[in-house]
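Analysis of the macromolecular model
Spelled out, the chains give:
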Amino acid sequence: GAGVSQSPSNKVTEKGKDVELRCDPISGHTALYWYRQSLGQGLEFLIYFQGNSAPDKSGLPSDRFSAERTGGSVSTLTIQRTQQEDSAVYLCASSRTQTGIHEQFFGPGTRLTVL
Amino acid sequence: SQKIEQNSEALNIQEGKTATLTCNYTNYSPAYLQWYRQDPGRGPVFLLLIRENEKEKRKERLKVTFDTTLKQSLFHITASQPADSATYLCALAMNSGYSTLTFGKGTMLLVSP
């Protein structure tokens, strides 16, 4: 079956612009995660969605970052007024349930470059 | 907060040898630990999970150990092949219920033919 998909695969933007990154999780997966991976760094947790529960936003680095998940499926990560330090690969993952004991399935990522 | 340490230097080994990667953590012992493989330009792919009450888990040529006394997990690839070359990430979850994963920075493995 189809895996997790993300779009766009690459995004180049100018400092100060807003960007939207999209994630399509695996059908039926109730948990969805966003991570950020900078060069030479590990995966940094950003936000987590589980069903209809309030999302865990504890990893968002600033109020310029926000995310939505519509209909328990597709998610959009929005970065407002982008800064150069926002340049990174943004990864989305989904898993079957909220218990993190289940493996996470990752998308290919969106490489964001802020000029 | 939990800190995870993985060897930042790449591990170079000869084909056919056993590769051993280390994941050390500080503070509290996690409820379970996962290992992922990441190839350049791609998202991580799940390999193995080991629970806190398990000492060892195997899957084909892969073996993971978990020592809560040493606060360490070892990841072994036996009879390594050039196709095993990738970055390997360990990830910890603090409890078996709702829990996000905390990832290490990963160790790059290079297997030479």
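Scroll up for the structure.
Quick summary incoming for the structure in this document.

About the cut-offs
Residues numbered from 1 in each chain as written. Chains lettered and ligands numbered in written order. Predicted model: local features only at pLDDT ≥ 70, side-chain atom pairs only at ≥ 80, totals over all residues. Heavy atoms only, no water. Helix = DSSP H or I, 4+ residues; strand = E, 2+ residues; numbered from the N terminus. Rg over C-alpha atoms; globule rule 2.2 N^0.38 Å. Buried < 20%, exposed > 50% of the residue type's maximum accessible area, 1.4 Å probe, protein only. Contact = heavy atoms within 4.5 Å. Areas by Shrake-Rupley, 256 points an atom, 1.4 Å probe, with all protein chains shown as cover. Lys, Arg positive; Asp, Glu negative; His and termini not counted. Charge placed at Lys NZ, Arg CZ, Asp CG, Glu CD. Buried area = accessible area lost by both parts, 1.4 Å probe. Salt bridge = Lys/Arg side-chain N within 4 Å of Asp/Glu carboxyl O. Polar contact = N/O pair within 3.5 Å; in protein donor to acceptor, adjacent residues only side chain to side chain. Nonpolar A, V, L, I, M, F, W, Y, C, P; charged D, E, K, R; others polar. Pairing = 2+ DSSP bridges. Axes fitted to C-alpha atoms, helices over the stretch in contact; angles between N-to-C directions. 1 Å grid on protein atoms, 1.4 Å probe; cavity = no way out; pocket = protein on both sides within 12 Å on 5 of 7 lines; lining within 4 Å. Points joined across faces, edges and corners; volume = space filled by probe spheres on them.

Assigned secondary structure in chain B consists of zero helices and 11 strands. Here the C-alpha radius of gyration of chain B, 14 Å, is about what a compact globule of 113 residues would show, namely 13 Å. With respect to the principal axes defined by its C-alpha atoms, chain B has extents near 40 × 30 × 20 Å. Considering chain B as a whole, with its 113 residues, one finds that 45% of them fall into the buried category. For chain B, restricting intrachain contacts to residue pairs at least 6 apart in sequence, the fraction spanning at least 24 positions comes to 54%. Surface exposure of chain B reaches about 5,800 Å², of which carbon and sulfur atoms provide 48%. Across chain B, the mean location of the 13 positive side-chain charges is 2 Å away from that of the 10 negative side-chain charges.

Before going further, it helps to examine the interface of chain A and chain B. Size of an interface, as often reported, equals the accessible area lost when the parts are brought together. Listed by partner, the interface residues are 20 residues for chain A and 21 residues for chain B. When chain A packs against chain B, the two sides together hide about 1,600 Å² of surface, and 56% of this comes from carbon and sulfur. Summed over the shared surface of chain A and chain B, the result is zero salt bridges. Where chain A touches chain B, the interface holds three residue pairs in polar contact (both at pLDDT 80 or more). Among the secondary structure elements, those contributing two or more residues to the side of chain A that touches chain B are β4 (31–37) and β5 (43–50) of chain A. Tallied by class, residues from the side of chain A that touches chain B come to eight nonpolar, 10 polar and two charged.

This paragraph deals with the sheet that holds strand β6 (residues 56–59) of chain B. Backbone hydrogen bonds hold the strands of a sheet together, and the pairing may be parallel or antiparallel. All names here are of chain B. A sheet is described by the order of its strands in space; here five strands give the open sequence β1-β3-β8-β7-β6, paired in antiparallel fashion. Looking at strand neighbours, the two that pair on one side only are β1 (4–6) and β6, the edges of this open sheet. Averaged over all pairs of adjacent strands, the angle between their axes in this sheet comes to 15 degrees, without regard to strand direction.

This brings us to the layout of surface pockets. In this approach, a probe sized like a water molecule rolls over the atoms, and the result shows the empty space that is left. Quantified by volume, the largest pocket comes out at close to 810 Å³. As for the largest pocket, its lining consists of 36 residues, of which Gln 37, Ser 38, Leu 39 and Gly 40 of chain A together with Gln 38 of chain B are closest to the centre. Listing elements by their share of the lining of the largest pocket, those giving two or more residues are β8 (88–95) and β10 (110–114) of chain A together with β1, β9 (86–93) and β11 (107–112) of chain B. Residues that form the lining of the largest pocket fall into these classes: 13 nonpolar, 18 polar and five charged. Lining the second largest pocket are 17 residues, and of these Gly 42, Leu 43 and Glu 44 of chain A together with Thr 102 and Phe 103 of chain B lie nearest its centre. Listed by contribution, the elements that provide at least two residues to the lining of the second largest pocket are β4 and β5 of chain A together with β10 (102–103) of chain B. Sorting elements by how many residues they give to the lining of the second largest pocket places β5 of chain A first, with three residues.

What follows is about the pattern of salt bridges. All names here are of chain B. Tallying each qualifying case throughout the model produces eight salt bridges over all chains. In this structure, Asp 39 and Arg 37 form a salt bridge, with 3.1 Å as the shortest nitrogen-oxygen distance. Across the pair Lys 57 and Glu 54 runs a salt bridge, and its minimum N-O distance is 3.6 Å. Given the relative accessible area of 23%, Lys 57 is considered partly exposed. A relative accessible area of 22% places Glu 54 in the partly exposed class.

Here we come to the pairing of β9 of chain B. Residue and element names in this part refer to chain B. Counting buried residues along β9, eight of its eight residues qualify, which places the element largely inside the surrounding structure. Residues Ala 86, Tyr 88, Cys 90 and Leu 92 line one face of β9 and the alternating positions Thr 87, Leu 89, Ala 91 and Ala 93 line the opposite face, and both faces are buried. In this structure, strand β4 (residues 32–38) lies alongside β9, joined through seven bridges in antiparallel fashion. Each bridged residue has a counterpart across the sheet, and for Gln 38 the counterpart in β9 is Thr 87. The sheet contact formed by β9 and β11 spans three bridges and is antiparallel.

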